[in-house]
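# Structural description and commentary
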Amino acid sequence: IARKRIKLDNPDVITLDVEMPRLDGLTFLERLMRLRPMPVVMVSALTQKGADVTLRALDAGAVDFIAKPTLDIEHHWEALKPEVIAKVKMAARASINSVNRPRSETDAKPRPRAVFKGTRNVIAVGASTGGVMALSDFLTGMPADAPPVLIVQHMPPKFTGQLAERLNVQCNPTVMEATDGAQVLSGHVYLAPGDRHMTLERSGAIYCVKIHDDPMVGGHRPAVDVLFNSVAEAAGANAVGVLLTGMGKDGAKGLLAMRQAGAFTIGQDEASCLIYGMPKAALKLGAVEQQLPLSKISETILDRLQRAAA
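Let me begin by describing the structure that accompanies this report. (Residues numbered from 1 in each chain as written. Predicted model: local features only at pLDDT ≥ 70, side-chain atom pairs only at ≥ 80, totals over all residues. Heavy atoms only, no water.)

The next thing to look at is the packing of helix α5 (residues 131-139) against helix α6 (residues 159-170). Axis separation between α5 and α6 bottoms out at 10 Å; the angle between their running directions is 35°. Once α5 is placed against α6, the crossing between them reads as right-handed. The residues of α6 that touch α5, namely those facing V132, L135, S136 and L139, are L163, L167 and Q170. (Axes fitted to C-alpha atoms, helices over the stretch in contact; angles between N-to-C directions. Helix = DSSP H or I, 4+ residues; strand = E, 2+ residues; numbered from the N terminus. Left-handed = near helix turned anticlockwise from the far one by under 90°. Contact = heavy atoms within 4.5 Å.)

The structure is reproduced here in C-alpha cells:
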C-alpha cells in the first residue's frame, strides 16, 4: 500500500515506523533508498532494540528519527506533535545527495598513520541531524592512537550507547559512551550520554570528562555549546573544534569561544551536510577557521597537528 501511495502522490517526505506488519521498516527503507531516494523520518520505540534498528536506518539513508514512548502513546501524542512537525519540515529541506554509501559494521577498518602518542591535543566534535553517518566517516579517518575525541551528538538515552558500540566496531580508536570522571586518553573517543551534558576539565596535565544534569541549553541536553565552552577553557590552543551537520545553531557560540581561545576550528561545508544549519550558524559568527567537505576533515586535522608537533 505504501509503495503504491508513494508512486501516486510523490510525497516530499515520508515517516516510516520501524515496526510494521509483513515488511519491517528497515527493509522497506533499504528498498526505497535504492529505487526511489527521498527524505525519510523514522519512527522508533525508545528501547534498546528500537535504538539499534534506528541507527541501522540512519546508516541506510534516513534523515532523522522520532522516538516514541512504548506505553500510553495517546497520552504523549500532544507533546510529540511539535517534534514531528519540525522534523518533517526539516527533512523536506535535507540534501539527500549528501548521504554517502551506507557503511556496514563488517567494513574493514582503515589504515590512517599512527603518529600522535603523547600529544596534549583534544578534539571536540558536535553533530545533530545527519551526524550518525558523518561521525562514522570522520572517525574512520582517525588512527588508533589519535588524540582524544569528545563528541556531542543530539540523541536520547539508549541511542547513544548503541551508537558508541557501532562506531567502536567501525573505527580504529576505542569509542565509548562517556562516564563521569573518566580520564581522557589518546586513542579514545568519548560520546556524551543522551540527556546529559558533558564537559572537559583539567587537573595539571590530566584531562577528564564530567557528566552532569544541568538544565538544557538552547533546547538541548547534551548541548554542543556546553562541551565547546568547557574545551575552550580547559584546553585552549591545544584543542581542535569540529562542527558537523545538524539543524539549528547549537555549537556556534561555543566554537567561537574555542577559536578565540586559540583552537583550530572547522565547519563542515554545505555540499557534504545533510542539514547545513549548525556549521552555517558558526560560519556567520566567524567561529570557523576552515570550512571543509566531510571527506577532508580528519586528514586536515592530522596534518595540522603533525606540523604543529614538528
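Moving on: empty space enclosed by the protein. For the coordinates displayed, the defined rule picks out 2 cavities of 30 Å³ or more. Looking at the second largest cavity, its volume works out to about 30 Å³. Together, D59, V132, S136, L163, R166, L167 and Q170 line the second largest cavity. Looking at the lining of the second largest cavity, the elements with two or more residues in it are α5 and α6. The dominant element in the lining of the second largest cavity, judged by the number of residues it contributes, is α6, at 4 residues. Partitioned by chemical class, the residues of the lining of the second largest cavity number 3 nonpolar, 2 polar and 2 charged. (1 Å grid on protein atoms, 1.4 Å probe; cavity = no way out; pocket = protein on both sides within 12 Å on 5 of 7 lines; lining within 4 Å. Points joined across faces, edges and corners; volume = space filled by probe spheres on them. Nonpolar A, V, L, I, M, F, W, Y, C, P; charged D, E, K, R; others polar.)

On to the packing of aromatic side chains. In this structure the tally under the stated criterion is 1 aromatic pair. In this arrangement the basic side chain of K87 is found over the ring face of F65, its NZ or CZ atom lying 5.3 Å from the centre. One Lys or Arg, R304, reaches over the ring of F264 and ends 4.0 Å from the middle of that ring. (Phe/Tyr/Trp six-rings, centres within 6.5 Å; stacked < 30°, edge-to-face > 60°. Lys NZ or Arg CZ within 6 Å of the ring centre and 35° of its normal.)

The subject of this paragraph is the packing of helix α7 (residues 224-235) against helix α8 (residues 252-260). One way to put it is that α7 packs onto α8 with a least axis distance of 7 Å and a crossing angle of 10°. As the angle between them shows, α7 and α8 are arranged roughly parallel. Facing D225, F228, N229, V231 and A232 of α7, the residues of α8 in contact are A252, K253, G254, L255, A257 and M258. For the contact of α7 with α8, a count of residues per class yields 7 nonpolar, 2 polar and 2 charged. (Parallel < 35°, antiparallel > 145°, perpendicular 65-115°, else oblique.)

Take the pattern of salt bridges next. This model, assessed by the stated rule, comprises 10 salt bridges. The salt bridge partner of D213 is R196, with a shortest N-O separation of 2.8 Å. Taken together, the positions of D213 in the loop between β9 (206-212) and α7 and R196 in the loop between β7 (188-191) and β8 (197-203) put the pair 17 residues apart, joining distant regions of the chain. Exposure remark for R196: the relative accessible area of 31% places this residue in the partly exposed category. The structure contains a network of salt bridges with shared partners spanning D64, E83 and K87. (Salt bridge = Lys/Arg side-chain N within 4 Å of Asp/Glu carboxyl O. Buried < 20%, exposed > 50% of the residue type's maximum accessible area, 1.4 Å probe, protein only.)

With that settled, consider a positive patch on the surface. Side chains of R3, K4, K7, R31, R34 and R36 sit close together on the surface and give a patch of like positive charge. Mapped onto the positive patch, the elements with two or more residues apiece are α1 (2-9) and α2 (25-35). Sort the elements by how many residues they give to the positive patch and α1 lands first, with 3 residues. Since its relative accessible area comes to 67%, K4 is described here as exposed. (Patch = residues over 30% accessible without salt bridge, like charges linked within 9 Å, V, L, I, M, F, W, Y side chains within 5 Å. Areas by Shrake-Rupley, 256 points an atom, 1.4 Å probe, with all protein chains shown as cover. Lys, Arg positive; Asp, Glu negative; His and termini not counted. Charge placed at Lys NZ, Arg CZ, Asp CG, Glu CD.)

The next point concerns the pairing of strand β2 (residues 40-45). The element β2 is extensively covered by neighbouring structure, given that 6 of its 6 residues are classed as buried. Here β2 shows a buried face lined by V40, M42 and S44 and a second buried face lined by V41, V43 and A45. Bridge count between strand β1 (residues 14-17) and β2: 4 bridges; the pairing is parallel. Each bridged residue has a counterpart across the sheet, and for I14 the counterpart in β2 is V40. Handedness of the crossover joining β1 and β2 through α2: right-handed. (Pairing = 2+ DSSP bridges. Right-handed = clockwise from strand over helix to strand, strands pointing away.)

With that settled, the discussion passes to the sheet that holds strand β11 (residues 264-268). As a general point, the strands of a sheet are linked pairwise by backbone hydrogen bonds and lie either parallel or antiparallel. Ordered in space as β6-β7-β5-β4-β10-β11-β12, the 7 strands form an open sheet in which the pairing is parallel. Only two strands of the sheet have a single neighbouring strand rather than two, namely β6 (174-177) and β12 (290-292). With strand direction ignored, the average angle separating the axes of adjacent strands in the sheet is 20°. Where strand β5 (residues 149-153) meets β7, 3 bridges bridge the pair, whose relative direction is parallel. The partner of L150 across the bridge, within β7, is Y190.

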